[in-house]
Amino acid sequence: MKKIAILTQPLHDNYGGLLQAYALKETLKSLGHSPLVVNRHGAGSNSFRRKLSNLKNTLLNRPVRTNQYLSDRQKAVISEKTIGFRSQYIPELSHLITTKRGMKILLTQDIDAYVVGSDQCWRPRYSPCISNYFLDFAKESQGIKRVAYAASFGTAEWEFNEADTLECKNLLKLFDAISVREDDGVALVQNYLGRADAIHVLDPTMLLPTTAYDRITTEQKVPDSNGNLKVYVLDKNSEKEEFIQQAASRLNLKAFEVMPERRVQQEKVTDANVESFKYPCPSEWLKGFQDAEFVITDSFHGTVFSILYNKPFIALGNERRGMSRFTSLLRMFGLEDRLVLDLRADGATELLERNVDWPQVNEILGREREKAMNFLQDNLEP
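The following refers to the structure shown.

Rules and cut-offs
Residues numbered from 1 in each chain as written. Predicted model: local features only at pLDDT ≥ 70, side-chain atom pairs only at ≥ 80, totals over all residues. Heavy atoms only, no water. Helix = DSSP H or I, 4+ residues; strand = E, 2+ residues; numbered from the N terminus. Rg over C-alpha atoms; globule rule 2.2 N^0.38 Å. Buried < 20%, exposed > 50% of the residue type's maximum accessible area, 1.4 Å probe, protein only. Contact = heavy atoms within 4.5 Å. Areas by Shrake-Rupley, 256 points an atom, 1.4 Å probe, with all protein chains shown as cover. Lys, Arg positive; Asp, Glu negative; His and termini not counted. Charge placed at Lys NZ, Arg CZ, Asp CG, Glu CD. Pairing = 2+ DSSP bridges. Axes fitted to C-alpha atoms, helices over the stretch in contact; angles between N-to-C directions. Parallel < 35°, antiparallel > 145°, perpendicular 65-115°, else oblique. Nonpolar A, V, L, I, M, F, W, Y, C, P; charged D, E, K, R; others polar.

**What about the overall build of the protein?**
Thought 1: The secondary structure content of the protein amounts to 14 helices and 12 strands.
Thought 2: Its C-alpha atoms give the protein a radius of gyration of 20 Å, near enough to 21 Å, the size a compact globule of 382 residues would have.
Thought 3: For the protein, the spread of C-alpha atoms along the principal axes amounts to about 60 × 50 × 45 Å.
Thought 4: Every one of the 382 residues in the protein was classed for burial, and the buried ones make up 55%.
Thought 5: By sequence separation, contacts in the protein at least 24 residues apart represent 77% of the contacts at least 6 residues apart.
Thought 6: For the protein, the exposed surface amounts to about 17,200 Å²; the carbon and sulfur share of it is 46%.
Thought 7: Placing the 50 positive and 50 negative side-chain charges of the protein at their respective mean positions leaves the two points 5 Å apart.

Structure representation (structure tokens):
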């Protein structure tokens, strides 16, 4: 048994982020290891970068994130259920670390191996300190395993600056094995980080069978969803809303969401209205896929769980959050036709009634799951 530290994106209210961390640590436990999920967060929000991002979004007619201060009480209310889920299902979470120096405390905890992944952990704009995700704090350590599992750049474009590229390239030389979540990532690792041995593997959430997620909803006694057309749309607009209404009518289904009534990114939070910004529990989000007859989503993990639960779906292209994630996932399963970039095109509504060859999808999933498990077993053994 090895004590293994997992480095992934900060665990906030993102359902996919929470569940991929849960799935990876559960998988490592099933292989006989003792996982520790490193609770790495940034020291604070970067208001200058946020303002630049908002300006760019305005120019490109994208949703603008509100730049507002949330009190500790407001944060606690908004995240009450996701924090509760994290406490119950990811108790292996470390103490909070917010600095590069703080990461060095891991060197005193007799860790045998580090697994870096997944959820865009190799995307500089999202990670609190990109060199930490290449194990800079452990570069002098001897006798440890360094493995990247499904590490994701989130995009086919190279977003590292010159200094980060050089540093991370040197750090990656120390890794024992490298796998990435997107097929484009294989080329990025080779072309910019100098390793030609990276392989393409499943997102961690796909390592677990649906029965593992069903156990969560059963334990939580989650009630039935209030509809059968699951909508999980992160970036709403009027065009998407109209398409969802048309889809519900054409399929004769009732649309439902498992999301806060209001979005922090779009409206001002006050002590009086904070309850309406509260995230439902991830177990409710999972139950939505179990109950759905069809799914419409612009989320990577929304697409992942549609595939896992064999639910017909439409994936709405979401360039702002990284298209490479969608195209790579759908290409792996031969489902490229489920991706819609133009909701006004005739093919979008035709997809509502097009069948999916689920036996073929499940056969591919079985092969890819075996490949991923072999990768982890082979590279975490002594």
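Next comes the rest of the write-up.
**Comments concerning the sheet that holds strand β9 (residues 255-256)**
Thought 1: Here five strands make up an open sheet; going across it, the order is β9-β8-β10-β11-β12 and the pairing parallel. In the strand order of this sheet, the two ends are held by β9 and β12 (339-340), each with one partner.
Thought 2: Note: strand β8 (residues 229-232) against β9, two bridges, orientation parallel. Its bridge partner being in β9, K230 is matched across the sheet by F256.
Thought 3: Strands β8, β9 and β10 (294-297) of the sheet are contacted by helix α10 (residues 282-291), whose axis makes an angle of about 140° with β8.

**Section: the packing of helix α1 (residues 15-30) against α10**
Thought 1: For the pair α1 and α10, the least separation of the axes is 10 Å and the interaxial angle reads 95°. Looking at the two axes, α1 sits roughly perpendicular to α10. Judged by residue contacts, Y15, L18 and L19 of α1 engage P282, W285 and L286 from α10.
Thought 2: The residue inventory of the contact of α1 with α10, partitioned by class, reads six nonpolar, no polar and no charged.

**Considering the sheet that holds strand β3 (residues 93-97)**
Thought 1: As summarised here, the arrangement of the seven strands in space is β3-β2-β1-β4-β5-β6-β7, forming an open sheet in which the pairing is parallel. Two strands in the sheet have a free side with no partner beyond their single neighbour: β3 and β7 (199-200).
Thought 2: Along the sheet, helix α14 (residues 358-380) makes contact with β1 (3-7), β4 (113-116), β5 (145-151), β6 (177-180) and β7, crossing β5 at roughly 165°.

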